[in-house]
Amino acid sequence: MARRLTLVTASVLPFLSFSTALSLDTTNPVTITQAATSIANSLMTTYHNPNSTAGDFNQPQPWFWWLSGSGWTALLDYTVYTADTTHKPALLAALAENLGPNLDFAPAEQASWEANDDQAYWLYGALTALEYGFDEPTPGVWLAAANNVFSKFVARWAADAATCGGGLKWQFDPAANGFFYKNSVTNGGFFQTAARLARYSAAAAGGNTTYADWARTVWDWSTGAGFVAADYSVYDGASDEGTDNCTTINGIQWSYNVATYLHGAANMYAYTGAVGLVDEQAVWATRVQGLVDAANRTFFSPPDGSAPGVMYEQFCEPTASCTIDQTSFKSSLSRWLGKTAILVPGVKDQIMSLLATSAGRAAGSCTDAASGAVSCGMKWWAPEGFDGYTDFGSMLSALEVVQSLLVGNAPALATLTPAA
Ligand SMILES: *[C@@H]1O[C@H](CO)[C@@H](O)[C@H](O)[C@H]1NC(C)=O
Ligand SMILES: *[C@@H]1O[C@H](CO)[C@@H](O)[C@H](O)[C@H]1NC(C)=O
Ligand SMILES: *[C@@H]1O[C@H](CO)[C@@H](O)[C@H](O)[C@H]1NC(C)=O
Ligand SMILES: *[C@@H]1O[C@H](CO)[C@@H](O)[C@H](O)[C@H]1NC(C)=O
């Protein structure tokens, strides 16, 4: 399933030496917007296919449907951050097509292998559409989808309760490979979903704390199980097969895992502030800070010390072994760092500094700027700029880190209005 990176050296691609990289002044919103537009247009030109059952993007085999969901979420943010509505019809069509008959992002084409985290990654698009007030294919559908997926997670949590003292399994289909694994992208996904719904609906909930209570439950379980460690490192997961019972943690750290919990914690910070839970808000502030520091510690010191502060996927980039979904994980970290900077002012300067350093190098990794379709590389810390590798995930990562510099342009996240 994993495809190895094939690094093409500069001697094989001599044109590299005179290709043009994207130029980006990270202090100038005009050049940030131009760079983001160039990458977004290139992503669409190269990969968009409304007929693709891999989520309306063409992807090499094996197709990762969840990755397309992440791509559309990036373009939702792009539309809001840059006010360029070029891709809005395509993204609204993709969300509508992949909602499925039960409005829960479980379309028939993905049956038999779709997992909880895939469903969460598509739901993030609907949550983003809800938070930024995007047009709905039918009235109320974004919130309905969020509630439908949330309810599925609640039910599956109960179904999975026999092992590990709680926690969602990665897969919800018992026949699927990976059914006996509880992991951070899944439980962080439930946590983030509950936290975003809690923040969104706080004013209208009339004291109903269902969403926030689930967010607290999933956080507490995640720390208790050791998925989120005392120093806020976020580990990948643990087996619950046979008598395993999550006793042996898989300690690999992927950037999207810490990011998933970070954005959930930021929403709980906002939620507890909105409902006047001052003491609890201080606790979430500490957690947000801890997760930001853990992200900085783990994902911003690439090898050889030549590019401090430049984001990298620490487990696979140094060995050029990232698979075609792992190349996209930095897009999740960039996206949710940016959104956290807005929700939690205390970490804003730290986050914007990390994003700016990384975005400058990410833009420098995008080659052929003169051709109209740029290719953004994987190793932003590569001294030569473009490292010779590009795919959907590396394009998405570059888009997110660049456009997240504009997150301050976005309107305040919407909240549900109390019924009159
Ligand atoms: C999508 O399918 C339609 C109908 O079969 C076809 O006309 C169109 O060219 C296809 N588009 C792409 C991008 O493959
Ligand atoms: C499995 O782990 C949970 C949480 O630590 C614990 O409560 C439970 O007793 C364990 N089950 C077994 C069979 O050891
Ligand atoms: C509280 O909100 C949840 C989530 O929307 C809902 O399922 C539940 O019915 C509500 N409870 C009450 C008592 O209204
Ligand atoms: C990130 O961590 C490094 C130490 O590893 C520290 O020097 C740097 O100031 C931190 N950067 C931010 C923005 O927090």
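See above for the structure.
The model shown is predicted, which means the values in this text are computed figures rather than measured ones.

### Examining the packing of helix α2 (residues 65–82) against helix α3 (residues 88–98)
The relative placement of two packed helices is expressed as an angle between their axes plus a distance between the axes.
Step number 1: Where α2 meets α3, the axes come as close as 10 Å, and the angle between the chain directions of the two elements is 140°. As far as their axial angle goes, α3 and α2 are oblique. For the element pair α2 and α3, the recorded crossing hand is left-handed. On the side of α2, the interface is formed by Trp65, Trp72, Leu75, Leu76 and Thr79, while α3 contributes Lys88, Ala90, Leu91, Ala94, Leu95 and Asn98.
Step number 2: Split by residue class, the contact of α2 with α3 holds eight nonpolar, two polar and one charged.

### Focus: the side chain of serine 70
Step number 1: Here serine 70 shows up in helix α2.
Step number 2: Those residues in contact with serine 70, other than ones at most four positions away along the chain, are Tyr121, Ser331, Ser332, Arg335 and Leu396.

### Looking at the layout of surface pockets
Step number 1: By volume, the second largest pocket amounts to about 220 Å³.
Step number 2: Looking at the second largest pocket, it is lined by 13 residues, and the ones nearest its centre are Ile342, Leu343, Pro411, Ala412 and Leu413.
Step number 3: With three residues, the single largest contributor to the lining of the second largest pocket is helix α10 (residues 329–343).

### Overview of the packing of aromatic side chains
Step number 1: Going through the model one piece at a time under the given rule, you end up with 32 aromatic pairs.
Step number 2: Arranged with centres 6.2 Å apart and planes meeting at 45°, the rings of tryptophan 66 and phenylalanine 329 form a pair that is tilted. Highlighted residues: tryptophan 66 in helix α2 and phenylalanine 329 in helix α10, separated in sequence by 263 residues. An identical accessibility class is assigned to tryptophan 66 and phenylalanine 329; each is buried.
Step number 3: Cluster of aromatic residues (ring-pair linked, three or more members): Trp66, Tyr121, Tyr124, Trp254, Tyr256, Phe315, Phe329 and Trp336.
Step number 4: Sitting over the face of the ring of phenylalanine 172, arginine 156 holds its NZ or CZ atom 3.7 Å from the ring centroid.

### Side note on the pattern of salt bridges
Step number 1: Here the structure, examined in full by the defined rule, presents ten salt bridges.
Step number 2: Put simply, arginine 297 and aspartate 231 hold a salt bridge, and the shortest N to O gap is 3.5 Å. Pair noted here: arginine 297 is in helix α9 (residues 278–299) and aspartate 231 is in the loop between α7 (210–224) and β2 (237–239), with a separation of 66 residues, a long-range link.
Step number 3: For aspartate 231, a relative accessible area of 38% corresponds to the partly exposed category.
Step number 4: Through salt bridges with shared partners, a single network forms among Asp213, Arg216 and Glu280.

### Considering the site of ligand 2
Step number 1: Taken together, Cys164, Gly165 and Asn245 form the complete shell of residues around ligand 2.
Step number 2: In this structure, an oxygen atom belonging to ligand 2 sits 2.5 Å away from a side-chain N or O atom of asparagine 245.
Step number 3: Expressed as a share of its isolated accessible area of 360 Å², the protein-covered part of ligand 2 is 25%.

### Points about the site of ligand 4
Step number 1: All residues adjacent to ligand 4 are Asn296, Gln350, Ser353 and Leu354.
Step number 2: In the model, an oxygen atom of ligand 4 is placed 2.2 Å from a nitrogen or oxygen of the asparagine 296 side chain.
Step number 3: Glutamine 350 is positioned with one of its side-chain polar atoms (N or O) 2.9 Å from an oxygen atom of ligand 4.
Step number 4: The element contributing the most residues to the shell around ligand 4 is helix α11 (residues 348–364), with three residues.

About the criteria used
- Residues numbered from 1 in each chain as written.
- Chains lettered and ligands numbered in written order.
- Predicted model: local features only at pLDDT ≥ 70, side-chain atom pairs only at ≥ 80, totals over all residues.
- Heavy atoms only, no water.
- Axes fitted to C-alpha atoms, helices over the stretch in contact; angles between N-to-C directions.
- Helix = DSSP H or I, 4+ residues; strand = E, 2+ residues; numbered from the N terminus.
- Parallel < 35°, antiparallel > 145°, perpendicular 65-115°, else oblique.
- Left-handed = near helix turned anticlockwise from the far one by under 90°.
- Contact = heavy atoms within 4.5 Å.
- Nonpolar A, V, L, I, M, F, W, Y, C, P; charged D, E, K, R; others polar.
- 1 Å grid on protein atoms, 1.4 Å probe; cavity = no way out; pocket = protein on both sides within 12 Å on 5 of 7 lines; lining within 4 Å.
- Points joined across faces, edges and corners; volume = space filled by probe spheres on them.
- Phe/Tyr/Trp six-rings, centres within 6.5 Å; stacked < 30°, edge-to-face > 60°.
- Buried < 20%, exposed > 50% of the residue type's maximum accessible area, 1.4 Å probe, protein only.
- Lys NZ or Arg CZ within 6 Å of the ring centre and 35° of its normal.
- Salt bridge = Lys/Arg side-chain N within 4 Å of Asp/Glu carboxyl O.
- Near = heavy atom within 4 Å.
- Polar contact = N/O pair within 3.5 Å; in protein donor to acceptor, adjacent residues only side chain to side chain.
- Areas by Shrake-Rupley, 256 points an atom, 1.4 Å probe, with all protein chains shown as cover.

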